[in-house]
Amino acid sequence: MTKLKKRKLLSIVVSFAVIISLLYVPKLEVNAAGQWMESSEGWWYQQEDGSYPWETWKEIDGAWYYFDWYGYMTTGWKNINGYWYFFFPDGRLATYMWIGNDWVDENGVWTDTWGTTGWQLRSGVWKYYDENGNECSGWIKSGRYWYYVGDGSMHTGWLEDGGYWYYFDSEGRMCTDWIWDGNDWYLMDAKGRWINDSKIIYLTFDDGPGPYTDRLLGILDKYDVKATFFVTSAFPSYAGCIKKEYDAGHTVAVHSFTHNYRQIYASEAAYWSDFEKMQSVIVGQTGERTNLFRFPGGSSNSVSRFNSGIMTRLSREAGQKGYKYFDWNVASGDAGDTTSSDVVFRNIANGVKGHNESVVLCHDVKSYTVTAMETFIPWALSNGYTFIPLSENSFGAHHPIQN
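Residues numbered from 1 in each chain as written. Predicted model: local features only at pLDDT ≥ 70, side-chain atom pairs only at ≥ 80, totals over all residues. Heavy atoms only, no water.

**Here's the deal with the packing of helix 7 (residues 341-352) against helix 8 (residues 367-382)**
Argument step 1. Packing of helix 7 against helix 8 brings their axes to within 8 Å, and their N-to-C directions diverge by 45 degrees. The orientation of helix 7 relative to helix 8 falls into the category oblique. As for how helix 7 packs across helix 8, the hand of that crossing is right-handed. Packed against helix 7, whose contacting residues are Ser341, Val344, Phe345, Ile348, Ala349 and Val352, the element helix 8 presents Tyr368, Thr369, Thr371, Ala372, Met373, Thr375, Phe376 and Trp379 at the interface. (Axes fitted to C-alpha atoms, helices over the stretch in contact; angles between N-to-C directions. Helix = DSSP H or I, 4+ residues; strand = E, 2+ residues; numbered from the N terminus. Parallel < 35°, antiparallel > 145°, perpendicular 65-115°, else oblique. Left-handed = near helix turned anticlockwise from the far one by under 90°. Contact = heavy atoms within 4.5 Å.)

**A short note on the pairing of strand 6 (residues 76-80)**
Argument step 1. For strand 6 and strand 7 (residues 83-87), the ladder comprises five bridges, and the chain directions are antiparallel. Pairing of Lys78 across the sheet is with Tyr85, part of strand 7.
Argument step 2. Counted between consecutive antiparallel strands, the loop separating strand 6 from strand 7 contains two residues, among which Asn81 sits at a positive phi close to 55 degrees. (Pairing = 2+ DSSP bridges.)

**Quick word on helix 7**
Argument step 1. In this model, helix 7 (twelve residues) spans 17 Å end to end at C-alpha, consistent with the 16 Å of a helix rising 1.5 Å per residue.
Argument step 2. Along helix 7, the positions that sit buried rather than exposed are Ser341, Val344, Phe345, Ile348, Ala349 and Val352. Looking straight down helix 7, one finds that the buried residues subtend no more than 120 degrees of arc, so they occupy a single side. Residues of helix 7 that are exposed and point more than 90 degrees away from the buried face comprise Asp342 and Asn350.
Argument step 3. Contacts made by the buried residues of helix 7 are with strand 20 (200-206), strand 25 (330-331), strand 26 (357-363) and helix 8.
Argument step 4. Sitting at the head of helix 7, Ser340 places a side-chain oxygen 3.3 Å from the backbone nitrogen of Asp342. (Expected span 1.5 Å × (residues − 1). Buried < 20%, exposed > 50% of the residue type's maximum accessible area, 1.4 Å probe, protein only. Arc of directions from axis to C-beta. Polar contact = N/O pair within 3.5 Å; in protein donor to acceptor, adjacent residues only side chain to side chain.)

**Notes on helix 3 (residues 240-247)**
Residue pairs spaced three or four apart in an α-helix point in one direction, given the helix's 3.6 residues per turn.
Argument step 1. For helix 3, the set of buried residues is Cys241, Ile242, Glu245 and Tyr246. Looking straight down helix 3, one finds its buried side chains confined to an arc of 145 degrees; they lie on one side.
Argument step 2. On its buried side, helix 3 packs onto helix 2 (213-222), strand 21 (228-232), strand 22 (251-256) and helix 5 (268-286).
Argument step 3. Phi turns positive one or two residues past the end of helix 3, at Gly249, with a value near 95 degrees.

**Brief notes about the sheet that holds strand 13 (residues 138-142)**
Paired through backbone hydrogen bonds, the strands of a sheet run either parallel or antiparallel to each other.
Argument step 1. The strand order across the open sheet built from three strands is 13-14-15, with neighbouring strands paired in antiparallel fashion. Lying at the two open borders of the sheet, with one neighbouring strand each, are strand 13 and strand 15 (153-154).
Argument step 2. Pairing between strand 13 and strand 14 (residues 145-150): five bridges, direction antiparallel. Looking at strand 14, one finds that Ile140 is bridged to Tyr147.

The structure is reproduced here in structure tokens:
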């Protein structure tokens, strides 16, 4: 073979080798401390001394990575020494964040507590976590409701605690007022305790919130008494009191948006339009609709007689819509009969003596009524009465409808 032919053959071989080598050159990302390398099996990291990490952690450019027994970069969930970690598709360790429904802490460790607050469903069991992510047990107040967590889960049904019996509905909320447990009716006080008592007072306040509502809330809080507020939008600047009423555990119900008799009783459509406007105000303040209401003037009012039969029709429609209305069987007299706090006190005190369950009509827009509560509430408590806010199961105290 001539020298020329040998050179040509050598040139061909070299060129072929270069082409083959180019086909297998790994993709490289140069790093001051080393370089990333890739193969069909995954990524690995070549360090400055030519070695590569395996079955170990390594910090690269401020991020943590884990390399398996073969030296390949880990992605996805990985159990390392008994702890679960999550690695992004580029290999970086995830820290202090949610990965789907799972939480990893600041060290990247999966946990069912860190970063979790409130109610969480864990393996089909409801658990509650405080602001520090600690699992809680015992009595828990969440929002405006009380719950009980025992044996690691939210309690439902009957519970005996501290010598008292309590009942929790299917959502775990402690019940007050009359409850049906599937077998019988039971009366629970405002603290959720089963009572065998016939001296029940449902304090109700119409036409607010207004200038005196805040003061009334303070009095109710002072004596740890819960009441019911049938609210209006007569004083829009006090609408924030509705949220205060709700957050304090009182019952908030619809009375009227306008309280304009001629307008709301003009037709059924007019009534429910006014009703929904007030309902919207309540939802805006509490986040919840209410199924409870009181007709302006009561169901037996005479102010609607300009529209014959409308109260009969409205009361029937209320039931069809799933609402419950309340009248009263004790009147404070503050709607025009008196402006005296002493008289208001006497009217209510004398009135409740004649009933096992008293639904008391008051108005929180009357300063003298609010003042009377400072006398009436301690009198009632000292005489063995129990105050309960109205619920769907409460005594309706319905009047005979006159129209």
